[in-house]
Structures are given as structure tokens and as C-alpha cells.
Amino acid sequence: MLIVIKILIGLCALEHLYILWLEMFAWTTKAPKVFKQLPAHLFEPTKTLAGNQGLYNGFLAAGLIWSFFIQDGAWSLHIATFFLSCIAVAGIYGALTAGKRIFFVQGLPALITLLLISIL
């Protein structure tokens with residue numbers, strides 16, 4: 001079970017590294033293909049805002065990656081739980097304010113991982 005949890009934590013971290021890259025470095029090139037519901041003319045004026053969002057996603061990924069380097073197993077899961085909780089809350093908020101898809105892409109994987117940690 002712990003191996004499955006670690007894999008899910010790693011996948012959540014990779015997802016947020018991808019979001020970091022997309023929002024910070026590829027907002028005007030690749031992001032229009034991902035965020036088709038956003039009018040194309042808005043990508044350039046929102047580049048700085050998206051970069052800021054990307055940075056926050058990077059912090060979430062960094063926290064999850066950090067949890068892999070903590071020697072104490074309990075503390076490792078505590079740190080992962082904190083960052084997964086942040087992702088879950090952001091996913092729920094995003095679903096309520098921006099689009100339901102955010103919940104399924106970001107919130108649900110974090111919630112599933114949190115559930116598995118809680119039954120460990």
C-alpha cells in the first residue's frame with residue numbers, strides 16, 4: 001500500500017511540475033491548446049498572472065518531492081498530507097469558481113491519495 005501511495009504522490013508532483021511549466025514557460029504557446037475555453041486573445045495579457053499561478057504549483061510539487069527525502073516515515077507522510085490537502089482544497093475551489101474539470105484533474109487524485117494515507 002505504501003508503494004501505491006508513493007507512486008500517487010509522485011504522480012501528483014509530476015502533474016504540478018507540468019502545470020508549473022505550462023503556466024510559467026508555455027502560457028502563450030502550448031496553453032491555448034490545453035485551455036481551449038479561454039479566448040486566444042487573453043493569453044498574452046494574462047501571461048504574468050499565469051506565471052504566478054505556475055509558481056504556486058511549483059511550490060506544491062516541491063513539497064511533495066520534499067516528502068520523498070524525509071527519513072522518518074511518519075513525518076514524510078505528514079508533509080505529503082499537508083501538500084496533498086493544499087492541492088485538494090485548490091482543486092475544490094477551482095471546480096467551484098473556474099471549472100469542474102479542475103476537480104477531476106487536480107483535486108480528485110489528491111483526495112484519493114489522502115484517503116489511502118488515512119487508511120494506512
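Our subject in this report is the structure included herewith. What you are looking at is a predicted structure, and each value in this text was computed from that prediction instead of being measured. Numbers given for residues are sequential positions, taken from 1 along each chain in its written order. Only residues with pLDDT of at least 70 are given local features in this predicted model, and only at 80 or more are side-chain atom pairs given and counted; all residues enter the totals for whole chains, interfaces and linings. The side-chain figures draw on all heavy atoms in the structure; neither hydrogens nor water molecules are used.

What describes two packed helices is the angle between their axes and the distance between those same axes. Note on geometry: axes are lines fitted to C-alpha atoms, helical ones only across the stretch in contact, with angles between N-to-C directions running from 0 to 180 degrees. A run of DSSP states H or I qualifies as a helix once it reaches four residues; a run of E qualifies as a strand once it reaches two. Both are numbered from the N-terminal end. Contact pair helix α1 (residues 2-25) / helix α3 (residues 47-67): the axes reach a minimum separation of 7 Å and the direction vectors enclose 160°. Accordingly, the angle class assigned to the pair α1 and α3 is roughly antiparallel. With respect to the hand of their crossing, α1 and α3 are arranged in left-handed fashion. Comment on the angle field: the value is read as roughly parallel under 35 degrees, roughly antiparallel over 145, roughly perpendicular from 65 to 115, and oblique elsewhere. Definitions for this section: a left-handed crossing has its near helix turned counterclockwise from the far helix by less than a right angle. A right-handed crossing has that turn clockwise.

This next bit is on the layout of surface pockets. Of the grid points, spaced at 1 Å and generated over the protein atoms alone, those admitting a 1.4 Å probe that cannot get out make up cavities, while open sets with protein on both sides within 12 Å along at least five of seven lines make up pockets; any residue with an atom within 4 Å of a point is treated as lining. Grid points are joined across faces, edges and corners, and a volume is the space filled by probe spheres set on the points. Estimated volume of the largest pocket: approximately 990 Å³. Sorting the residues of the lining of the largest pocket by element identifies α1, α3, α4 (73-97) and α5 (101-119) as the ones contributing at least two each. Looking at the lining of the largest pocket, the element that brings in the most residues is α3, giving seven residues. For this classification, the nonpolar set comprises Ala, Val, Leu, Ile, Met, Phe, Trp, Tyr, Cys and Pro, the charged set comprises Asp, Glu, Lys and Arg, and every other residue, Gly included, is treated as polar. Grouping the constituent residues of the lining of the largest pocket by class yields 16 nonpolar, ten polar and three charged.

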